[in-house]
Amino acid sequence: MKALEFKNVSFSYRKAEEGKTSSFAVKGVNFSVEEGEFVAVLGHNGSGKSTLARLANGLLEASDGSVEVFGVPLSEQKNLFSVRKNVGIVFQNPDNQTVASIVEDDIAFGPENIGVPREEIGVRIEESLAAVGMSEYKERMTSALSGGQKQRIAIAGVLALKPKIMILDESTAMLDPKGRREIMQVVKKLNKEEGMTILLITHFMEEALMADRAIVMNRGEIVMQGTPEEIFERHDELETYNLALPPIGVLWKKLEEGGMPVGYALTPEDLAEEIAKCISKSSA
Amino acid sequence: MFKDVALGQYYQASSFVHRLDPRFKILALIAYIVAIFLSENFYGLGMCALLLLLTIAFSKVPLGKVIKAVKGILFLLVFTAIIQLFFYKPNENAVVWVKWWVITITDQAVFFTLFLLLRLSLLVMVASMLTYTTTPVSLTDGLESLLTPLKVVRFPVHELALIMSIALRFIPTLMEETERIMNAQKARGADFESGGLMKRAKAVVPILIPLLISSFRRAEELGDAMDARCYAGSKVRTKYKKLTFSWRDLLAFFIMAALVTGVVLFNVYLGGVV
């Protein structure tokens, strides 16, 4: 079943002026995401990829075309609330999406909003924290956590609403390599084990390697679509959109293709460590 | 410089004081403040101080942290002390200790100044104890619960409580940001530490403007994040944390009642400070 579908969607932050097309942040976008699929949206700054996230859960309303979540159009106001329950967004800045000072109170915010009974909220907090591996941080202060931990709490806060689709809008952009890896591991686990539909919006090419499918955006339009492998093979074309796969990503991919299942790594140090682990495992 | 600001910070611990009902703690704070202002002599105030020390001891909050709150109003304290020392109007029983040029300092003025300083210090310390031992969320929960009767006159109690808890939540974030901006300005040669009052006030402008702009950006992003998490006002909202009075609150209530009664009795039988 189609979890998310964009049908010829256009959006402009300013009122459309006659004869001017350049003011569109998103222009004539068509794509769909199947339930349980992991799709990465790539693009450099200003390519319209973040606008896509906001359109997908009704934070922004399409100027033209329609967005459907599990077949329900977002254009009707009465659907908005039920759709938002299904589509969770994790934003870029971990500090600006935390509502409460204490971890459990912050995670409770979403369920409280939709009127979940008290006992059920407690259960959901436990489950969400376990899913992101932060159970022991339940009563900690959010301000004392690291960037990666804050972002995992943000994911838990979204999970507590039991969404079917999770959108990560550049959620790793402000994190250090360790934090980025933490988040990517959580996302991968959610997709593989819980069957969560993932829309990962990023400008880090290597993160897209994890996805089933990748979409490349440029100036508000979809310019490339396919498996990450297909996309990265067309590197000349990618470069015209100011995108390129870093050498570490290339190496990681080659190793995996060559039959060496190395753990996910974003930096040379991480990759070295993962290779070492892999070798010691196979020799043991 | 911002590390001295103690208000609005929570100290994590598991103690008798931490576990008190926030509604009770807010009411107790009000009662305590009333007791401080009712006290007319050092005995009453001493009793307030003793109770505060006991509270601190039972809360596991380090004494130094509470004293830091006083540092925050040091300027106010010094200012008040000077005014009181020089302008206190003594009665005819006063003993003059210092007489020089137009300045006359009497024993009464000294005692009264000390009394006032103790009063102000106790006030900020006890207020900081509330925020040290109560999480911002339970503080606002308590406030929301106490203000519930106002809903009858359509006062937006829930919204007010949410605004407060978000404000408290952003204090550490904005402090960090302020330090970052200050460092950035220092790196560009800005000087915050020298010069007169006017010069220093002017030096603050290049900090305030970026801070203000970034706060607006944060507010917008937070609004989006809240929308995305289905925030739609108080209509269908449930509460995760339930407030319940326990034996602790009853015990603490009797202690507070004893304090206020004690202060009044001291006033009646022992009279004023001078």
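As the structure is a computational prediction, the values presented were derived from the model and not from experiment.

The next thing to look at is the sheet that holds strand β8 (residues 197–202) of chain A. All names here are of chain A. Taken together, the 6 strands give an open sheet; going across it, the order is β6-β7-β8-β3-β9-β10, and neighbouring strands pair in mixed fashion. Here the strands that pair on one side only, and so sit at the sheet edges, are β6 (87–90) and β10 (221–226). Across this sheet, the average inter-strand angle for adjacent strands is 20°, counted without regard to direction. Bridge count for strand β7 (residues 165–169) against β8 is 5 bridges, and the pairing is parallel. Paired with D169 across the two strands is I201, which belongs to β8. In the packing of helix α2 (residues 77–86) onto the sheet, contacts are made with β6 and β7, and the angle to β6 comes to roughly 60°.

With that settled, the discussion passes to the interface of chain A and chain B. With 43 residues of chain A at the interface, the matching set in chain B holds 30 residues. Surface buried jointly by chain A and chain B totals about 3300 Å² across both partners, of which 53% is contributed by carbon and sulfur atoms. The largest contributions to the chain A side of the interface with chain B come from A:N96, A:E112 and A:R118, which together make up 21% of the buried area. One can count 5 salt bridges joining chain A with chain B. As a salt-bridge pair, A:E104 and B:K241 come within 3.5 Å of each other at their nearest N and O atoms. One can count 20 residue pairs in polar contact (both at pLDDT 80 or more) joining chain A with chain B. Listed by contribution, the elements that provide at least two residues to the side of chain A that touches chain B are α2, β6, α3 (103–113) and α4 (118–131) of chain A. Here the side of chain A that touches chain B gets 10 residues from one element, more than from any other, and that element is α3(A). A per-class count over the side of chain A that touches chain B returns 18 nonpolar, 13 polar and 12 charged.

Residues and elements named next belong to chain A. By the bridge criterion, 5 bridges tie strand β9 (residues 213–218) to β10 in an arrangement that is antiparallel. By the bridge assignment for β10, A214 is matched with G226. Taking the residues between adjacent antiparallel strands as the criterion, β9 and β10 are bridged by 2 residues, where R219 takes a positive phi near 50°.

Moving on to helix α1 (residues 22–38) of chain B. Residues and elements named next belong to chain B. For α1, spanning 17 residues, the distance from its first C-alpha to its last is 24 Å, which sits close to the expected 24 Å at 1.5 Å a residue. When α1 is considered as a whole, its buried residues turn out to be P22, R23, F24, K25, I26, A28, L29, Y32, A35 and I36. With a side-chain oxygen lying 2.7 Å from the backbone nitrogen of R23, the N-terminal cap of α1 falls on D21.

What follows deals with the pattern of salt bridges. Counted according to the given criterion, the structure contains 24 salt bridges over all chains. Its salt-bridge partner being A:R54, residue B:D224 comes within 2.3 Å of it at the nearest N-O pair. Here the residue B:D224 occupies a position in helix α8 (residues 197–228), and A:R54 occupies one in helix α1 (residues 49–56), the pair thus bridging two chains. The two residues B:D224 and A:R54 agree in class, both being buried. Note that B:R218 is salt-bridged to B:E177, the shortest N-O span being 2.5 Å. One end of the pair, B:R218, is in helix α8; the other, B:E177, is in helix α7 (residues 157–187), with 41 residues separating them in the sequence. Taking relative accessible area as the criterion, B:E177 reaches 10% and is therefore assigned buried. If you follow the salt bridges from partner to partner, you end up with A:E104, A:D105, A:E126, A:K138 and B:K241 in one network.

Below, the discussion takes up α1(A). All names here are of chain A. Burial runs high along α1: 7 of the 8 residues are buried. Every buried residue of α1 is listed here: K49, T51, L52, A53, R54, L55 and A56. Positive backbone phi, approximately 80°, marks G58, located one or two places after α1.

As a further point, take the confidence of the model for chain B. In regions of low pLDDT, the predicted coordinates are not meant to be interpreted in detail. All names here are of chain B. Of all residues in chain B, 96% attain a pLDDT of 70 or more, and the chain-wide mean is 85. When mean pLDDT is compared element by element in chain B, α1 scores highest at 91, while strand β1 (residues 96–100) scores lowest at 78. Note that pLDDT drops below 50 for residues 1–7; the model gives that stretch 15 contacts with residues more than four away or on any other chain.

This part is about the packing of helix α6 (residues 136–147) of chain B against α7(B). Residues and elements named next belong to chain B. Where α6 contacts α7, the axes come no closer than 9 Å and their chain directions differ by 160°. Looking at the two axes, α6 sits roughly antiparallel to α7. The handedness of the crossing between α6 and α7 is right-handed. Contact residues: α6 offers P136, L139, T140, L143, E144 and L147, while α7 offers V157, H158, L160, A161, M164, S165 and L168.

One non-glycine residue, A:E170, adopts positive backbone phi at about 55°. The residue A:E170 is located in the loop between β7 and α6 (177–194) in this model. Residue classification places A:E170 among the buried positions, given a relative accessible area of 7%. The residue B:K60 is not glycine, and still its phi comes out positive at about 65°. Secondary-structure assignment places B:K60 in the loop between α2 (42–59) and α3 (63–72). The class of B:K60 is exposed, set by a relative accessible area of 52%.

Conventions and cut-offs
- Residues numbered from 1 in each chain as written.
- Chains lettered and ligands numbered in written order.
- Predicted model: local features only at pLDDT ≥ 70, side-chain atom pairs only at ≥ 80, totals over all residues.
- Heavy atoms only, no water.
- Pairing = 2+ DSSP bridges.
- Helix = DSSP H or I, 4+ residues; strand = E, 2+ residues; numbered from the N terminus.
- Axes fitted to C-alpha atoms, helices over the stretch in contact; angles between N-to-C directions.
- Contact = heavy atoms within 4.5 Å.
- Buried area = accessible area lost by both parts, 1.4 Å probe.
- Salt bridge = Lys/Arg side-chain N within 4 Å of Asp/Glu carboxyl O.
- Polar contact = N/O pair within 3.5 Å; in protein donor to acceptor, adjacent residues only side chain to side chain.
- Nonpolar A, V, L, I, M, F, W, Y, C, P; charged D, E, K, R; others polar.
- Expected span 1.5 Å × (residues − 1).
- Buried < 20%, exposed > 50% of the residue type's maximum accessible area, 1.4 Å probe, protein only.
- pLDDT = per-residue confidence, 0-100.
- Parallel < 35°, antiparallel > 145°, perpendicular 65-115°, else oblique.
- Left-handed = near helix turned anticlockwise from the far one by under 90°.

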